[in-house]
Amino acid sequence: MPSLAQLAALFAGLVFCASAMAADVDAESYGFPLANPFEATIATTPPELRPELPAEGDIRQRDYSIRLRPDREFELLDNFWPVTRLHYRLAEQKGRAPLIFIIAGTGAHYASGINEYLKKLFYGAGFHVVQLSSPTSYDFMAAASRFATPGYSPEDADDLYRAMQAVRAQHPKLEVSEFLLTGYSLGALHAAFVSQIDETRRAFDFKRVLLLNPPVNLYTSITNLDKLVQTRVQGIDNSTNFYDLVLGKLTRYFNDKGYLDINEAMLYDFQRSTERLSDEQMAMLIGTSFRFSSADIVFTSDLLNRRGLITPRDYRITESTSLTPFFQMALRCDFDCYIAEQLMPMWRARYDGGSLNQLIEKSSLYALEDYLRGSDKIAVMHNADDLILGQGDIGFLRRTFGDRLTLYPRGGHCGNLNYRVNADAMLEFFRG
């Protein structure tokens with residue numbers, strides 16, 4: 001990877017370290033109980049340590065849709081008819097209030113679990129909340145993406161920004177005192193690029209922007225997650241696959257409990273039981289989840305662009321067509337395969353792009369280093385044990401954000417977002 005820290009910047013950082021030191025939180029005072037990053041990522045915070053949130057029935061919310069790509073209604077295949085319009089969720093306060101946009105992580109829908117949690121947290125604090133799908137989700141790719149080939153962050157952020165403008169235009173009577181922005185995981189990286197776009201277009205003039213567990217080097221994060229699929233797991237051989245093993249453990253666990261209820265609290269309790277997953281099994285579970293998201297991107301991008309890599313160009317797909325064979329083929333194409341076969345050709349054709357290293361640089365936080373260093377309104381919350389971070393990433397965050405970086409010692413990847421301490425810190429940041 002190219003070196004990002006210039007000697008002058010490093011020297012300046014050393015000279016002014018008293019005023020620009022990251023807020024490192026020590027493990028003892030922090031109190032988050034899960035020291036295993038795989039377990040934290042999967043099970044998240046123990047239920048008794050989570051913040052109080054408003055009940056779903058107490059939130060004034062509704063799902064809406066906007067038409068961003070009218071041409072897609074005629075171009076999309078029959079099985080994509082539900083996503084010819086981009087859907088989003090708005091939780092609305094009764095009067096004038098700040099409005100916060102939440103951008104979902106890799107492959108995630110606007111109503112996915114973390115988005116729903118953040119919605120409740122911010123709504124309970126008195127904010128209007130708009131929940132947006134990730135540009136890597138099939139619904140966003142179909143309804144809002146110009147090229148339906150996510151992975152080039154400036155383009156993904158531009159698609160998001162146009163969607164956000166359309167959302168705002170659809171609610172002219174919504175009383176907004178100021179605009180705020182956040183995102184988690186890949187959504188945090190997108191939030192940084194969206195914030196930079198807004199500096200010139202000024203549709204929102206965001207007062208504060210919070211990046212939650214963003215990838216620093218997008219390629220490093222993708223590689224880290226993809227490698228987890230290759231983890232060697234004891235008990236898996238030619239006759240027993242990984243899914244059989246995990247399902248067997250879950251079945252025995254629910255038999256002992258006497259009822260079936262799959263949620264985050266259950267996952268935490270499951271990891272306290274005799275059926276708990278080993279580190280290797282948890283690593284493979286996380287990697288498999290990412291691989292499924294990648295396969296969805298591979299399949300959807302190929303199909304929307306009629307590239308013929310997964311689905312033959314002349315193959316007619318209807319609502320009754322089984323997509324299983326195509327999805328299985330997409331699973332065999334990891335993210336490196338997607339970059340080589342779909343993203344790089346699109347980037348070179350549309351943007352006169354060059355090498356893979358140039359694509360990585362332009363799609364990662366490195367591309368925004370000067371902007372992020374000089375923008376006091378942007379802060380980062382991250383975990384020292386996050387699975388998506390690579391060598392040098394924390395150093396980059398320290399140099400770039402200084403005291404606007406809060407580094408927690410534990411939590412894995414986004415596993416402590418629903419910890420009371422983190423929730424309080426998020427609200428404190430946005431309240432100023």
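Fair warning: this is a prediction, and the values are worked out from it, not measured in the lab. (Residues numbered from 1 in each chain as written. Predicted model: local features only at pLDDT ≥ 70, side-chain atom pairs only at ≥ 80, totals over all residues. Heavy atoms only, no water.)

**Considerations on the overall build of the protein**
Scanning the protein from N- to C-terminus turns up 19 helices and nine strands. In the protein, which comprises 432 residues, the share counted as buried stands at 54%. In the protein, 79% of the contacts between residues at least 6 apart in sequence involve partners at least 24 apart. Summed over all atoms, the accessible surface of the protein reaches about 19,200 Å², with 51% contributed by carbon and sulfur. (Helix = DSSP H or I, 4+ residues; strand = E, 2+ residues; numbered from the N terminus. Buried < 20%, exposed > 50% of the residue type's maximum accessible area, 1.4 Å probe, protein only. Contact = heavy atoms within 4.5 Å. Areas by Shrake-Rupley, 256 points an atom, 1.4 Å probe, with all protein chains shown as cover.)

**Side note on the packing of helix 8 (residues 153–169) against helix 9 (residues 186–201)**
Close contact between helix 8 and helix 9 brings their axes to 8 Å; oriented N to C, the two are set at 65 degrees. Here helix 8 is positioned roughly perpendicular relative to helix 9, judged by the angle of their axes. With respect to the hand of their crossing, helix 8 and helix 9 are arranged in right-handed fashion. Taken together, the residues of helix 9 that come into contact with helix 8 (itself represented by Ser 153, Pro 154, Asp 156, Ala 157, Asp 158, Leu 160, Tyr 161 and Met 164) are Leu 189, His 190, Phe 193, Val 194, Ile 197, Asp 198 and Arg 201. Residue composition of the contact of helix 8 with helix 9, by class: nine nonpolar, two polar and four charged. (Axes fitted to C-alpha atoms, helices over the stretch in contact; angles between N-to-C directions. Parallel < 35°, antiparallel > 145°, perpendicular 65-115°, else oblique. Left-handed = near helix turned anticlockwise from the far one by under 90°. Nonpolar A, V, L, I, M, F, W, Y, C, P; charged D, E, K, R; others polar.)

**Observations regarding the confidence of the model for the protein**
Do not read the predicted coordinates in detail wherever pLDDT is low. Mean pLDDT for the protein: 85, with 81% of residues reaching 70 or above. Predicted confidence is poor over residues 1–19, with pLDDT under 50, and the contacts of this stretch with residues over four places away or in other chains come to 13 contacts. (pLDDT = per-residue confidence, 0-100.)

**A look at the packing of helix 10 (residues 218–228) against helix 13 (residues 279–304)**
Closest axis-to-axis distance for the helix 10/helix 13 pair is 6 Å, and the angle between their directions is 120 degrees. Regarding the angle of helix 10 to helix 13, the classification is oblique. Crossing of helix 10 against helix 13: the hand is left-handed. Counted together, Ile 222, Leu 225, Asp 226 and Leu 228 of helix 10 and Ala 283, Met 284, Ile 286, Gly 287, Phe 290 and Arg 291 of helix 13 form the full contact between these two elements. Its residues assigned to classes, the contact of helix 10 with helix 13 comprises seven nonpolar, one polar and two charged.

**Re the state of the cysteines**
Enumeration over the complete set of coordinates arrives at one disulfide. Between the sulfur atoms of Cys 333 and its disulfide partner Cys 337 the distance amounts to 1.9 Å. Note on the Cys 333 and Cys 337 pair: the S-S dihedral is about -100 degrees, so by sign convention the disulfide is left-handed. Assessed through its relative accessible area of 6%, Cys 333 is described here as buried. (Disulfide = S-S within 2.5 Å.)

**Examining the sheet that holds strand 8 (residues 378–383)**
Here we have nine strands laid out as an open sheet, ordered 1-9-8-7-6-4-5-3-2, and mixed in their pairing. Bordering the open sheet on either side are strand 1 (23–24) and strand 2 (61–66), each of which pairs with just one other strand. In this fold helix 8 packs onto strand 2, strand 3 (86–91), strand 4 (97–103), strand 5 (128–132) and strand 6 (176–184), with an angle of close to 140 degrees to the strand it touches most, strand 5. Across the sheet, helix 9 touches strand 4, strand 6, strand 7 (208–212) and strand 8, and the angle it forms with strand 6 is around 135 degrees. (Pairing = 2+ DSSP bridges.)

**Thoughts on helix 16 (residues 356–363)**
Restricting attention to buried positions, one finds in helix 16 the residues Leu 359, Ile 360 and Ser 363. The buried residues of helix 16 occupy an angular sector of 100 degrees when projected down its axis, which confines them to one face. At its buried positions, helix 16 is contacted by helix 8, helix 9, helix 10 and helix 15 (335–351). (Arc of directions from axis to C-beta.)

**Thoughts on helix 15**
With 17 residues, helix 15 extends just 21 Å between its outermost C-alpha atoms, more than 12% less than the 24 Å of an ideal straight helix rising 1.5 Å per residue. At Leu 343, helix 15 shows its maximal kink, close to 40 degrees; a proline, Pro 345, follows between one and four residues later. Looking at helix 15, one finds that the buried residues are Phe 335, Cys 337, Tyr 338, Ile 339, Gln 342, Leu 343, Met 344, Met 346 and Trp 347. The secondary structure elements touched by the buried residues of helix 15 are helix 10, helix 13 and helix 16. Where helix 15 begins, one side-chain oxygen reaches toward the backbone nitrogen of Asp 336, 3.2 Å away; that side chain belongs to Asp 334. Where helix 15 ends, the next residue or the one after it, Asp 352, has phi of about 55 degrees, a positive value. (Expected span 1.5 Å × (residues − 1). Bend = angle between axes of the 7 residues up to and from the residue. Polar contact = N/O pair within 3.5 Å; in protein donor to acceptor, adjacent residues only side chain to side chain.)

**With respect to the pattern of salt bridges**
Tallying each qualifying case throughout the model produces 19 salt bridges. In this structure, Arg 89 engages Asp 63 in a salt bridge whose closest nitrogen and oxygen atoms are separated by 2.5 Å. One end of the pair, Arg 89, is in strand 3; the other, Asp 63, is in strand 2, with 26 residues separating them in the sequence. By relative accessible area, Arg 89 is classed as buried at 15%. Relative accessible area serves as the criterion here: at 35%, Asp 63 is assigned to the partly exposed category. Glu 116 is paired through a salt bridge with Lys 119; the nearest N and O atoms lie 3.0 Å apart. Residue Glu 116 and its partner Lys 119 are located together in helix 6 (residues 113–124), separated by three residues, close to a single helical turn. (Salt bridge = Lys/Arg side-chain N within 4 Å of Asp/Glu carboxyl O.)

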